[in-house]
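# What the coordinates show
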Amino acid sequence: MHHRPFGNTSLNVSEIGHGTWTMGGMWGPRNDRSAINALVKGIELGITFIDTAAVYGHGHSESLIASAFKEAKQKVSVATKIPPKNFQWPAQHNIPLEETFPKKHIIELTEFSLKNLRTDCITLQQLHVWSDQWLEQGDELFETISLLKKQGKINYFGISINDHEPNSALEVVSSGLIDSVQVIYNIFDQEPANKLFPLCQKHGVAVIVRVPLDEGSLTGNITRETSFHKKDWRSRYFTKERLEETCQHVDQLRKDTQHLGKPLSHIALQFCLAHPAVSTVIPGMRTIDNVEKNCVVSGDALLKEVDLEKIKKHCWKRNFYS
Ligand SMILES: NC(=O)c1ccc[n+]([C@@H]2O[C@H](COP(=O)([O-])OP(=O)(O)OC[C@H]3O[C@@H](n4cnc5c(N)ncnc54)[C@H](OP(=O)(O)O)[C@@H]3O)[C@@H](O)[C@H]2O)c1
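Residues numbered from 1 in each chain as written. Predicted model: local features only at pLDDT ≥ 70, side-chain atom pairs only at ≥ 80, totals over all residues.

## A closer look at the pairing of strand β8 (residues 180–184)
For β8, the buried fraction is high: five of the five residues fall into the buried class. Neither face of β8 is exposed, since S180, Q182 and I184 on one face and V181 and V183 on the opposite face are all buried. Alignment of strand β7 (residues 154–160) against β8, held across three bridges, turns out to be parallel. Its bridge partner being in β8, G158 is matched across the sheet by S180. (Buried ≥ 20, exposed ≤ 12 C-beta atoms within 10 Å, placed from the backbone. Helix = DSSP H or I, 4+ residues; strand = E, 2+ residues; numbered from the N terminus. Pairing = 2+ DSSP bridges.)

This is how it looks when you write it as structure tokens:
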């Protein structure tokens, strides 16, 4: 496993980080034993960065991480997230900051995560949504973050950017007030490479890539026949027409990459790691099998420029979340 600097911080993180939304809930029946095994295996294979959130199963994913640390007899960096108080995803740009991240809420949710993670300090605390409109109203927010840092309850602070809206955080990236951003970046959504990534490089802001596998479509395992469990949120995300459209794009991508002789998931992660602004890529992993498959990507050679250029042509603008 290779490691990369985490922006301007003193942290180095594994190129493959561990995404844990899938093990927290909303992705069909849970299997805690498999999830803990996956986390322990990840640590054994060199993962040093795990992403979670207070809302993933109302603290469940966080407590699975604590259990995995106990079994692995080792701790690694954890990034968690504070949900907006109004529980609105994505961030609504006209809503005042006091309705989303007031001081009391930030402190209470940080205490909630500390308890679930059974720790005294969270490596990276993030806001689960962000709007640049809030920057002007942010005095109390950033004072509260400074206080939490001073108290040793968090080391670093970052934001998670609205789905497919990478340019909604350009101002905060330039402000010097955050250590990291978390953003959707994958073969289909390459928009962050235009403005966000160069700006992050300029200001030393770390980039955490989420949804690198397009919620599963870029694994090649989702087909026109796939039927999602009724408790898997993707039963509403990949509706029949969207599934058909997605499979057409995946089929074309497969044709252009089959000469590489690697699984599509492997190529999808290699694509994300090819951008030098990226510190870590966090595929959602709840089985040992997927952890093993994804961790080997970091040790593999980089994609050749000619292949990268071919893959870039598969960029596809859409927003299935809205
Ligand atoms: N707003 C936010 O801040 C936000 C939003 C979304 C995600 N996130 C974070 O980003 C992480 C990653 O995003 P995500 O989990 O939504 O989507 P993702 O990583 O793009 O895709 C997850 C899916 O890929 C599958 N998968 C993973 N590795 C595989 C492999 N090698 N072969 C085949 N299938 C594989 C998983 O399989 P199984 O179903 O078999 O487990 C799961 O269905 C999350 O876990 C979470 O930590 C943050």
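## Digging into the site of the ligand
In the vicinity of the ligand there are 28 residues, among which G19, S160, R210, L213 and G284 approach most closely. When residues of the shell around the ligand are traced back to their parent elements, those giving at least two are α1 (21–24) and α12 (288–299). Looking at the shell around the ligand element by element, the count peaks at three residues for α12. Partitioning the shell around the ligand into residue classes produces seven nonpolar, 14 polar and seven charged. (Near = placed C-beta within 6 Å. Nonpolar A, V, L, I, M, F, W, Y, C, P; charged D, E, K, R; others polar.)

## Quick look at the packing of helix α5 (residues 103–117) against helix α6 (residues 139–150)
As a packed pair, α5 and α6 sit with axes 9 Å apart at the nearest point and diverge in direction by 30°. In terms of their interaxial angle, α5 and α6 are classed as roughly parallel. Of the two possible hands of crossing, α5 and α6 adopt the one that is right-handed. Between α5 and α6, the residues in contact are K103, I106, I107 and T110 and E140, T144 and L148, respectively. Tallied by class, residues from the contact of α5 with α6 come to three nonpolar, two polar and two charged. (Axes fitted to C-alpha atoms, helices over the stretch in contact; angles between N-to-C directions. Parallel < 35°, antiparallel > 145°, perpendicular 65-115°, else oblique. Left-handed = near helix turned anticlockwise from the far one by under 90°. Contact = placed C-beta atoms within 7 Å.)

## What about unusual backbone geometry?
With an omega dihedral of -10°, the bond running from W89 to P90 counts as a cis peptide bond. Along the chain, P90 turns up in the loop between β5 (77–82) and α4 (97–100). With a phi close to 50°, D214 is a non-glycine residue in the positive phi region. Exposure remark for D214: the 21 C-beta atoms within 10 Å place this residue in the buried category.

Any functional reading would require information beyond the geometric quantities listed.
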